[in-house]
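One-letter residues, chain by chain:
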Amino acid sequence: MSNKQPQPVASEHIALTARNVSFAWQDTPLHWVPGDPLATHTINVLHLLLPAGERWFVHVYKQVLPLIRDERLRADVVGFIGQEATHSQAHDEVLPRLEELGLDPTPYTAQVDWFFEKLLGDRTLPPGRARRWWLLERVALIAAIEHYTAFLGDWVLNAEELDRRGADPTMLDLLRWHGAEEVEHRSVAFDVFQHVDGGYRRRVRTWATAFAAIVFLWQRGARFFMANDPTLDEGRARLRDFHLAGRRGTLPATGDMLRSVPRYLSRGYHPSQEGSTAQAVAYLASSPAALAAEHAEKGAK
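Conventions and cut-offs
Residues numbered from 1 in each chain as written. Predicted model: local features only at pLDDT ≥ 70, side-chain atom pairs only at ≥ 80, totals over all residues. Heavy atoms only, no water. Core = buried A, V, L, I, M, F, W, Y, C linked by side-chain atoms within 4.5 Å. Buried < 20%, exposed > 50% of the residue type's maximum accessible area, 1.4 Å probe, protein only. Helix = DSSP H or I, 4+ residues; strand = E, 2+ residues; numbered from the N terminus. Contact = heavy atoms within 4.5 Å. Axes fitted to C-alpha atoms, helices over the stretch in contact; angles between N-to-C directions. Parallel < 35°, antiparallel > 145°, perpendicular 65-115°, else oblique. Left-handed = near helix turned anticlockwise from the far one by under 90°. Nonpolar A, V, L, I, M, F, W, Y, C, P; charged D, E, K, R; others polar. 1 Å grid on protein atoms, 1.4 Å probe; cavity = no way out; pocket = protein on both sides within 12 Å on 5 of 7 lines; lining within 4 Å. Points joined across faces, edges and corners; volume = space filled by probe spheres on them. Phe/Tyr/Trp six-rings, centres within 6.5 Å; stacked < 30°, edge-to-face > 60°. Lys NZ or Arg CZ within 6 Å of the ring centre and 35° of its normal. Salt bridge = Lys/Arg side-chain N within 4 Å of Asp/Glu carboxyl O. Lys, Arg positive; Asp, Glu negative; His and termini not counted. Polar contact = N/O pair within 3.5 Å; in protein donor to acceptor, adjacent residues only side chain to side chain.

Our focus in this paragraph is the nonpolar core. The tendency in soluble globular proteins is for nonpolar side chains to be buried as a group. Grouped together as the largest cluster of nonpolar side chains are 91 residues, with contacts concentrated most on Trp 56, Tyr 61, Val 77 and Val 192. If you tally residues by element for this core, the top one is helix H1 (residues 37-64), at 15 residues. Look past the residues within four positions of Val 77 in its chain and what remains in contact with it is Tyr 61, Leu 65, Ile 68, Val 188 and Val 192.

Take a look at the structure:
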């Protein structure tokens, strides 16, 4: 591995703002990727993981704010918190529609809530080194997770196969609005980790934990949806199925995900070296939900 220090791309930095978007779900079908329940439900896992996960991000970052001495980074974190809180709410609002369509997500979301609130939540630790260690571990975990949320954001912005297959436009807008903001703020979590710690061993260790947790929770969620889909007699979600969907372009390609691992583990890695802020900003300038939120904000002034 290279011994280079992380080098951000200055031109990729942008001031972050939360967009107060809303979506109408009454016309979204159960299989919003027509004829493809596997792709639909694999991506639907986002609606189960993100509300709890992004609430956890916000909780941890409110604790780390007092440790941030750089004013620009502090402003980035405040913007990040605002965006993540909005993401959590937007995905949470999809769940009632899933229930209307016969998929009750509660058994799975209860497990996800336990994972973030109990396993990764605050612990009764004495002030000092132990408490700081646990905070820094979680900051590093968020940096690793954000590597993959940015990867997914970049993927969905470029997932033209979903358009070709007639995916529901409201769901695509939610995913691409969210994905664009993930690309916008893709450097913040890593910069916070570098600012308060930056230890390479911790980066590697927490990456391994985050990657294992993401894979476990995601495949478990997809299998939960497929098994409980009221329209499927025998819904399955096998690793081979995910791989084939990636080759078709309706899910991220397995090879692309694996190739992202050594990039994150490189000593010279910085998130600004991946994805395109210009592409993200361009989508946000055309997103129906983001445009509606902007017009509503201007009308309220």
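Right, picking up where we left off after that structure.
Helix H8 (residues 188-196) packs onto helix H5 (residues 129-157) with a crossing angle of 150° between their chain directions and a minimal axis gap of 8 Å. Between H5 and H8, the interaxial angle falls into the category roughly antiparallel. The element H5 and its partner H8 pack so that their crossing is left-handed. On the side of H5, the interface is formed by Arg 132, Leu 136, Val 139, Ala 140, Ile 142, Ala 143 and Glu 146, while H8 contributes Ala 189, Phe 190, Val 192, Phe 193 and Val 196. Broken down by class, the residue content of the contact of H5 with H8 amounts to ten nonpolar, no polar and two charged.

Of the pockets and cavities examined, the largest pocket occupies roughly 750 Å³. Contributing to the lining of the largest pocket are 29 residues, with Thr 42, Leu 152, Trp 218, Pro 252 and Met 257 lying nearest its centre. Secondary structure elements with two or more residues in the lining of the largest pocket: H1, H5, helix H7 (169-184), helix H9 (200-228), helix H10 (239-248) and helix H11 (254-265). Among the elements that take part in the lining of the largest pocket, H5 stands out by supplying seven residues, more than any other. Residues belonging to the lining of the largest pocket are distributed by class as follows: 19 nonpolar, nine polar and one charged. Roughly 420 Å³ of internal volume is contained in the second largest pocket.

Two descriptors summarise a pair of aromatic rings, namely the distance from one centre to the other and the angle between the planes of the rings. Scanning the model with the defined rule gives 15 aromatic pairs in all. On the numbers, 6.4 Å between centres and 75° between planes, the contact of Phe 190 with Tyr 264 is edge-to-face. Here the residue Phe 190 occupies a position in helix H8, and Tyr 264 occupies one in helix H11, the gap between them amounting to 74 residues. The rings of Trp 56, Phe 57, Tyr 61, Phe 80, Phe 115 and Phe 116 are connected pair by pair, giving a single aromatic cluster. In this structure, Arg 123 packs its charged tip against the face of Trp 134, placed 3.7 Å from the ring centre. One residue, Arg 267, lies across the ring of Tyr 200, its end atom 4.0 Å from the ring centre.

A few words now on the pattern of salt bridges. Per the stated rule, a full pass over the model turns up 17 salt bridges. Where Glu 234 meets Arg 236, a salt bridge forms, and the shortest distance between an N and an O atom there is 2.4 Å. With a relative accessible area of 57%, Glu 234 lands in the exposed category. Taking the relative accessible area as the measure of exposure, Arg 236 reaches 46% and is therefore partly exposed. With a shortest N-O distance of 3.1 Å, Glu 274 and Arg 263 are connected by a salt bridge. Of this pair, Glu 274 sits in the loop between H11 and helix H12 (277-284) while Arg 263 sits in helix H11; the two residues are eleven residues apart in sequence, bridging distant segments of the chain.

So, on to the environment of Asp 76. Along the chain, Asp 76 falls in helix H2 (residues 71-92). Ignoring anything within four residues of it in the chain, the contact list for Asp 76 reads His 13, Ile 14, Leu 16 and Val 188.

With that settled, consider the side chain of Arg 203. On the secondary structure map, Arg 203 appears in helix H9. Buried and unpaired, Arg 203 has Asp 197 as its nearest opposite-charge partner, separated by 8.8 Å. A distance of 2.7 Å separates a polar atom in the side chain of Arg 203 from the backbone oxygen of Tyr 264. Apart from the residues lying within four places of it in its own chain, the contact partners of Arg 203 are Pro 6, Phe 190, Phe 193, Tyr 264, Leu 265, Ser 266, Arg 267 and Tyr 269.

With that out of the way, let us pick up empty space enclosed by the protein. Taken as a whole and assessed by the stated rule, the structure comprises one cavity of 30 Å³ or more. Taken as a whole, the largest cavity holds about 50 Å³ of empty space. In terms of lining residues, the largest cavity is bounded by Trp 25, Thr 28, Pro 29, Leu 30, Trp 32, Asn 44, Val 94, Arg 97, Leu 98, Leu 101 and Met 171. Split by residue class, the lining of the largest cavity holds eight nonpolar, two polar and one charged.

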